[in-house]
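# Structural characterization, general
Take a look at the letters that make up each chain.
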Amino acid sequence: TTIGPAAFHSCTSLMSVTLPSTLTVVADNAFRDCFRLVEVINHSSKGISVGEEENGCVAYYALTVHKGESELTRWEDYYFLTHKGNHYLISYDGDKTALTLPEYYLGESYAVHNWAFAYQKQLTELILPDTITGVGSYVFFDCTSLTRIILPSGLDSIAAYTFYGCRSLVELTL
């Protein structure tokens, strides 16, 4: 199996990919800018590592590269990845304009991973509960209708570019 140059370039909804044992070539930029691609299930003989640009950037944004079953789960309108005992909210797939995130996932706290709400142009208001353990980079990238957000009171830091492009944001509560 060969994956050609830029074959999946900018497939921004792609969260998991399973590479077959027959894979021989992943061309340059095959998975470039697939910023939600957090899981690579690798059955090939290729040595693929988290964060690398080799192999067509397939694992550049990955939280995990492994064999076996997917660690990605859809729960209500959210996608979560559980890896090494940590839960990450990866993406929102609903159409609500005002949203309060769930306090827990499987009874435990979780982090909002990079790009989780990027390009969600319908969102106008978002409330993150105090149980959130972290908020990654670009989480609200280009959420152009977002006017109000309430962040967890115990949040230690706000990652780089978290609100980049949120040009309608008028109220922020920390």
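Our subject is the structure listed above.
What comes next concerns the included structure.

## What to know about the sheet that holds strand S5 (residues 64-66)
Reading across from one edge, S2-S4-S5 is the order of the three strands in this open sheet, with parallel pairing throughout. Looking at strand neighbours, the two that pair on one side only are strand S2 (16-19) and S5, the edges of this open sheet. Sheet twist, expressed as the mean angle between neighbouring strand axes with direction ignored, is 15°.

## Some remarks on the pairing of strand S7 (residues 78-83)
Of all the six residues making up S7, five are buried; the element is thus mostly covered by neighbouring parts of the structure. For strand S6 (residues 72-75) and S7, the ladder comprises four bridges, and the chain directions are antiparallel. Bridging across to S7, Leu72 finds its partner in Leu81. From the end of S6 to the start of S7, which pair antiparallel, there are two residues, and Glu76 there has a positive phi angle of about 55°. In the sheet, S7 pairs with strand S8 (residues 86-92) via six bridges, with the strands oriented antiparallel. By the bridge assignment for S8, His83 is matched with Asn86. In sequence, S7 turns back onto S8 through a hairpin of two residues, with Lys84 there showing a positive phi of about 50°.

## What to know about the nonpolar core
Counting residues in hydrophobic clusters, the biggest one holds 25 residues, and the most contacted among them are Leu101, Val112, Phe117, Leu128 and Phe140. Broken down by secondary-structure element, the contributors of at least two residues to this core are S7 and S8. Beyond its immediate chain neighbours, meaning those up to four positions away, Phe117 contacts Arg36, Leu89, Tyr92, Leu99, Leu101, Val112, Leu123, Val139, Phe140 and Cys143. In terms of nonpolar packing, the next biggest core, distinct from the first, is built from 14 residues, Cys34, Leu37, Val40 and Ala59 among them.

## Digging into the sheet that holds strand S10 (residues 111-112)
The strand order across the open sheet formed by five strands is S6-S7-S8-S10-S12, and the pairing between neighbours is mixed. On the outer flanks of this sheet lie S6 and strand S12 (134-135), each paired with one strand and no other.

## Details of a nonpolar patch on the surface
A cluster of nonpolar side chains, namely Ile158, Leu172 and Leu174, defines an oily patch on the protein surface of about 290 Å² accessible area. For Ile158, the position within the fold is in the loop between strand S13 (148-150) and strand S14 (171-173).

## A look at the state of the cysteines
For the structure shown, the criterion picks out zero disulfides. Distance from the sulfur of Cys166, which forms no disulfide, to the nearest cysteine sulfur (Cys143) is 5.1 Å. For Cys166, a relative accessible area of 10% translates into the label buried.

## Some remarks on the side chain of Thr162
Relative to the elements of secondary structure, Thr162 occurs in the loop between S13 and S14. Reaching out from Thr162, the side chain makes a polar contact with the backbone oxygen of Gly136 at a distance of 3.4 Å. If sequence neighbours within four positions are ignored, Thr162 has contacts with Val135, Gly136, Ser137, Tyr138, Val139, Phe140 and Phe141.

## Section: the packing of aromatic side chains
Evaluation of the coordinates by the stated rule reveals 20 aromatic pairs. Relative to Phe80, the ring of Trp75 lies with its centre 5.9 Å away and its plane at 65°, an arrangement referred to as edge-to-face. For Trp75, a relative accessible area of 28% gives the class partly exposed. A relative accessible area of 0% places Phe80 in the buried class. With centroids separated by 5.3 Å and ring planes inclined at 75°, the aromatic side chains of Tyr119 and Phe141 adopt a geometry described as edge-to-face. One end of the pair, Tyr119, is in the loop between S10 and strand S11 (125-127); the other, Phe141, is in the loop between S12 and S13, with 22 residues separating them in the sequence. The partly exposed category is assigned to Tyr119, whose relative accessible area is 40%. Phe141 sits in the buried class, given a relative accessible area of 15%. One aromatic cluster is present, formed by Trp75, Tyr78, Phe80, Tyr92, Tyr105, Tyr110, Phe117, Phe140 and Phe163 through successive ring pairs.

Quick notes on the rules
- Every residue gets a number counted from 1 within its own chain, in the order that chain's sequence is written.
- The model is predicted, so local features are restricted to residues of pLDDT at least 70 and side-chain atom pairs to those at 80 or more, both for listing and for counting; the totals for chains, interfaces and linings are taken over all residues.
- Side-chain numbers here rest on the full set of heavy atoms in the structure, without hydrogens or water.
- A strand pair is defined by DSSP finding two or more bridges across the two strands.
- Secondary structure elements follow DSSP: runs of H or I of four or more residues count as helices, runs of E of two or more count as strands, with numbering from the N terminus.
- Here, axes are lines fitted to C-alpha atoms. For helices the fit covers the stretch in contact, and angles between N-to-C directions go from 0 to 180 degrees.
- Each residue is placed in one exposure class: buried if its accessible area under a 1.4 Å probe, protein chains only, is under 20% of its type's maximum, exposed if it is over 50%, and partly exposed if it falls in between.
- We call a set of buried residues a nonpolar core when its members are Ala, Val, Leu, Ile, Met, Phe, Trp, Tyr or Cys and they connect through side-chain atoms within 4.5 Å of each other.
- Throughout, a residue-residue contact means that at least one pair of heavy atoms, one from each residue, lies within 4.5 Å.
- Patch building starts from residues that exceed 30% relative accessible area and form no salt bridge, then joins like charges within 9 Å and nonpolar side chains (Val, Leu, Ile, Met, Phe, Trp, Tyr) within 5 Å.
- For the area figures, the Shrake-Rupley method with a 1.4 Å probe applies, and any residue is considered shielded solely by the protein chains shown.
- Salt bridge criterion: a side-chain nitrogen from Lys or Arg within 4 Å of a carboxyl oxygen from Asp or Glu.
- Note on disulfides: each one is a pair of cysteine sulfur atoms within 2.5 Å.
- Residues adjacent in sequence count toward polar contacts only when both atoms are side-chain atoms; beyond that, a polar contact is any pair of N or O atoms within 3.5 Å, and within protein one must be able to donate a hydrogen and the other to accept it.
- Each Phe, Tyr or Trp ring, with Trp reduced to its six-membered ring, pairs with another whose centre is within 6.5 Å; inter-plane angles below 30 degrees give stacked pairs, above 60 give edge-to-face pairs, and intermediate values give tilted ones.

Keep in mind these numbers describe shape, not what the thing actually does.
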